[in-house]
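Next come the chains, spelled out residue by residue.
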Amino acid sequence: MSNKGSSEDIFKKIIAHAKEYGFIFQSSEIYDGLSAAYDYGQFGVELKNNIKEYWWRSMVQYNEEIVGLDSAIFMHPRTWKASGHLEAFNDPMIDNKDSKKRYRADDLIEDYLEKLQGKVRKEVDKAARRFKGSFDEQHFMETNPRVIRNQEKISSITQRLKQALENEQLDEVRNIIVEENICCPVSGSCNWTDARQFNLMFSTEFGATADGDNKVYLRPETAQGIFVNYLNVQKSGRMKLPFGIAQIGKAFRNEIVARQFIFRMREFEQMEMQYFVQPGTELEWLEYWKNQRIKWHQALGIGQEHYRIHEHDKLAHYANAAYDIEFKFPFGFKELEGIHSRTDFDLSAHQQHSGKKLQYYDPDKKESYVPYVVETSIGLDRMFLAILTASFKEEKLEDGSQRTVLKIPPMLAPYKLAVLPLTKKDGLPQKAKDIINNLKYRYMCHYEEKDSIGKRYRRHDAIGTPYCITIDHQTLDDHTVTIRERDTMEQVRVKTDEIEEVIKKRLTFH
Ligand code: ATP
């Protein structure tokens, strides 16, 4: 009962499945597609909307001190000067002269560090197998010469990279690549250009004037729309610290290398919440929100082994502490959500650049100050990918057949139930429609009468429908139906007026 094959094969299957079953299509596919842009199909959009709703309710509905916002994608260009994005929202890029492929220079080094880390792990695993019960991992790590050599190498390169990035010494970044003999995975050569900074913001023209003064940017994060509205919301909502503003919306980044399907796109969606707090309390709130966000993820029942917390040592220009929640994707553990202590960096910068006070009058302390901010920021598309990849299962059944099933957490599933008349005759379709009409205002339902009942079950397994309700001739006699549950495939016979009682427990947000 498990997925077979390499993670790469499984990931390819998941991408093909997402297309075949109407979850995700390549953007502009009929024109051979636009790279790093994707469209969500009929089932994808439902899953995406359900994830948004799960997030929005947990933020805005369940916390009286958090309110929502929907700010414009276009913002005054000075916003990006103040936020530091014009100067600092860069990634270092480097080209291989032979393959002409472009890379993020820091990614090349990080991949290399990962390989060294893998070598250390291999040594430890090998020794653990050899020494079995008497194996002392710590002692082994401290005394094995190969492990020590690799560990030292990892920490010295990590340190060098950190310093080079902080001081914007791109020649030093390139030196690491050359000295460590890090080659292009495509050409195999180490023939590199200089490393250069590349700004990730997209720009465009606003309005019809041609004097060059009308350059605007597509926002690279939704957070700045929250910061510039801090005072509007605080005053109009008479909010007291601590309070939060939540927003879901599109963001755009001209990523140097966009790969891994919807993991890294040039147009994507973020769900961000900025929590405004008293200066000095921000690290406590950072811990609080880290724990809240982990709970939010784990309540979906995907399994703890899929999550890992990473504390940043390389901080963004605005942060004084930060965590990532990483998720185990088929291509390894990668960032899913960031939880950042942004200090008063953004509000102070906007205050300075706009000349407008962005302060809070604290009635208890009887003084005004610029609040500090703790942010939670999750990529909606990455969350979608996390759910899609974790729920994709290929199962061998007892009768020897195979099924592909998306075990999506039921409350997030695109359709909650399918209502299936066994045949197209004898009034069964009408009975099925009566049931749908009774339930469709509360749940996304799907009616299907084509093909055998087995085929229809398989189709609904493939899109993750948690319940299939079958209407047969017995229904006409005693008003009972069969409810088949997706994961166990168990069937129970219940009265039509008890259907909701059986299904609702697993389908509602709580
Ligand atoms: P990464 O290191 O993967 O580039 P980041 O640290 O730049 O991500 P943040 O600026 O913290 O990301 O953005 C918050 C969240 O937005 C991320 O945790 C991620 O889920 C999502 N995100 C960022 N960039 C992209 C992208 N290009 N495509 C899809 N989602 C993204």
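To start, this report covers the structure provided alongside it.

Time to look at the overall build of the protein chain. Broken down by element type, the protein chain carries 17 helices and 23 strands. A principal-axis box enclosing the C-alpha atoms of the protein chain has dimensions of 80 × 65 × 55 Å. A buried classification covers 48% of the 510 residues belonging to the protein chain. Within the protein chain, residue pairs in contact and separated by at least 24 positions form 65% of the contacts whose partners lie at least 6 positions apart. Accessible area for the protein chain stands at about 25,700 Å²; split by element, carbon and sulfur atoms hold 48% of it.

Around the ligand, a shell composed of 15 residues is seen, among which E255, R264, M265, E335 and L336 lie nearest. A distance of 3.0 Å separates an oxygen atom of the ligand from a polar side-chain atom of R253. Contact between the ligand and R264: an oxygen atom at 2.7 Å from a side-chain N or O atom of the residue. When the ligand is considered free in solution it has 590 Å² of accessible area, and contact with the protein chains removes 85% of it. Sorting the residues of the shell around the ligand by element identifies β10 (267-277), β13 (332-343) and β16 (372-379) as the ones contributing at least two each. Per-element tally for the shell around the ligand: the top contributor is β13, with 5 residues. Residue composition of the shell around the ligand, grouped by class: 4 nonpolar, 5 polar and 6 charged.

Our focus in this paragraph is the packing of helix α2 (residues 42-61) against helix α13 (residues 380-391). Viewed as axis vectors pointing N to C, α2 and α13 meet at an angle of 110°, and their least axial separation amounts to 10 Å. In terms of their interaxial angle, α2 and α13 are classed as roughly perpendicular. Pair α2 / α13 crosses with right-handed handedness. Judged by residue contacts, G44, L47, K48, I51 and K52 of α2 engage L380, D381, M383, F384 and I387 from α13.

Turning our eyes to something else, we now look at a negative patch on the surface. On the surface, D125, D136, E137 and E142 cluster together to form a negatively charged patch. Here E137 falls in the partly exposed class, since its relative accessible area comes to 46%.

Turning next to the state of the cysteines. On inspection of all chains with the given rule, the structure shows 1 disulfide. C183 shares a disulfide with C190; S-S distance 2.0 Å. On the S-S bond that ties C183 to C190, the torsion sits near -40°, and the link is left-handed. With no disulfide of its own, C468 lies closest to C445 among cysteine sulfurs, the gap being 12 Å.

This part takes up the side chain of T79. Relative to the assigned elements, T79 resides in helix α3 (residues 78-83). The exposure class assigned to T79 is buried, which follows from its relative accessible area of 8%. Those residues in contact with T79, other than ones at most four positions away along the chain, are Q224, V228 and H350.

With that settled, the discussion passes to the packing of aromatic side chains. As enumerated under the stated definition, the model contains 25 aromatic pairs in all. Each ring, one from Y40 and one from F384, has its centre 4.9 Å from the other, and the planes form 70°; the classification is edge-to-face. Placement of Y40 in strand β2 (residues 38-40) and of F384 in helix α13 is noted, with a sequence separation of 344 residues between them. Accessibility classification places Y40 together with F384 in one group, the buried group. Counting every residue linked through ring pairs, the aromatic cluster contains F11, Y38, F261, F263, Y307, F327, F329 and F331. Of note, R382 hangs over the ring of F263, and the distance from its end group to the ring centre comes to 3.7 Å. Above the ring of Y447, the side-chain terminus of K433 is found at 4.6 Å from the ring centroid.

With that settled, the discussion passes to the sheet that holds β13. The strand order across the open sheet built from 7 strands is β3-β9-β10-β16-β13-β12-β11, with neighbouring strands paired in mixed fashion. Sheet topology places β3 (66-69) and β11 (307-311) at the edges, where each strand pairs with a single neighbour. Each neighbouring strand pair of the sheet contributes to a mean axis angle of 25°, computed without reference to strand direction. Of the pairings in the sheet, the one linking β10 to β16 comprises 8 bridges and is antiparallel in character.

Attention now goes to helix α5 (residues 105-131). Compared with the 39 Å implied by 1.5 Å per residue over 27 residues, the 40 Å span of α5 between its first and last C-alpha is a close match. Among all positions in α5, only A105, D106, L108, I109, Y112, L113, L116, V120, E123, V124 and A127 are buried. Elements in contact with the buried residues of α5: β4 (90-95), β5 (102-104), α6 (137-143), α7 (145-166) and α8 (170-179). Of the residues trailing α5, K132 is marked for its positive phi of about 45°.

The next thing to look at is the pattern of salt bridges. Per the counting criterion, the structure on display carries 34 salt bridges. For the salt bridge of D95 with R102, the shortest nitrogen-to-oxygen distance reads 2.8 Å. Between D461 and R403 there is a salt bridge, with the nearest N and O atoms lying 3.0 Å from each other. Taken together, the positions of D461 in helix α15 (residues 453-463) and R403 in strand β18 (residues 402-406) put the pair 58 residues apart, joining distant regions of the chain. Of the two residues, D461 and R403, neither departs from the other in class, the shared state being buried. Several salt bridges share partner residues, and in doing so they unite E395, R403, K407, R458, D461 and R484 into one network.

Parameters at a glance
- Residues numbered from 1 in each chain as written.
- Predicted model: local features only at pLDDT ≥ 70, side-chain atom pairs only at ≥ 80, totals over all residues.
- Heavy atoms only, no water.
- Helix = DSSP H or I, 4+ residues; strand = E, 2+ residues; numbered from the N terminus.
- Buried < 20%, exposed > 50% of the residue type's maximum accessible area, 1.4 Å probe, protein only.
- Contact = heavy atoms within 4.5 Å.
- Areas by Shrake-Rupley, 256 points an atom, 1.4 Å probe, with all protein chains shown as cover.
- Near = heavy atom within 4 Å.
- Polar contact = N/O pair within 3.5 Å; in protein donor to acceptor, adjacent residues only side chain to side chain.
- Nonpolar A, V, L, I, M, F, W, Y, C, P; charged D, E, K, R; others polar.
- Axes fitted to C-alpha atoms, helices over the stretch in contact; angles between N-to-C directions.
- Parallel < 35°, antiparallel > 145°, perpendicular 65-115°, else oblique.
- Left-handed = near helix turned anticlockwise from the far one by under 90°.
- Patch = residues over 30% accessible without salt bridge, like charges linked within 9 Å, V, L, I, M, F, W, Y side chains within 5 Å.
- Salt bridge = Lys/Arg side-chain N within 4 Å of Asp/Glu carboxyl O.
- Lys, Arg positive; Asp, Glu negative; His and termini not counted.
- Charge placed at Lys NZ, Arg CZ, Asp CG, Glu CD.
- Disulfide = S-S within 2.5 Å.
- Phe/Tyr/Trp six-rings, centres within 6.5 Å; stacked < 30°, edge-to-face > 60°.
- Lys NZ or Arg CZ within 6 Å of the ring centre and 35° of its normal.
- Pairing = 2+ DSSP bridges.
- Expected span 1.5 Å × (residues − 1).

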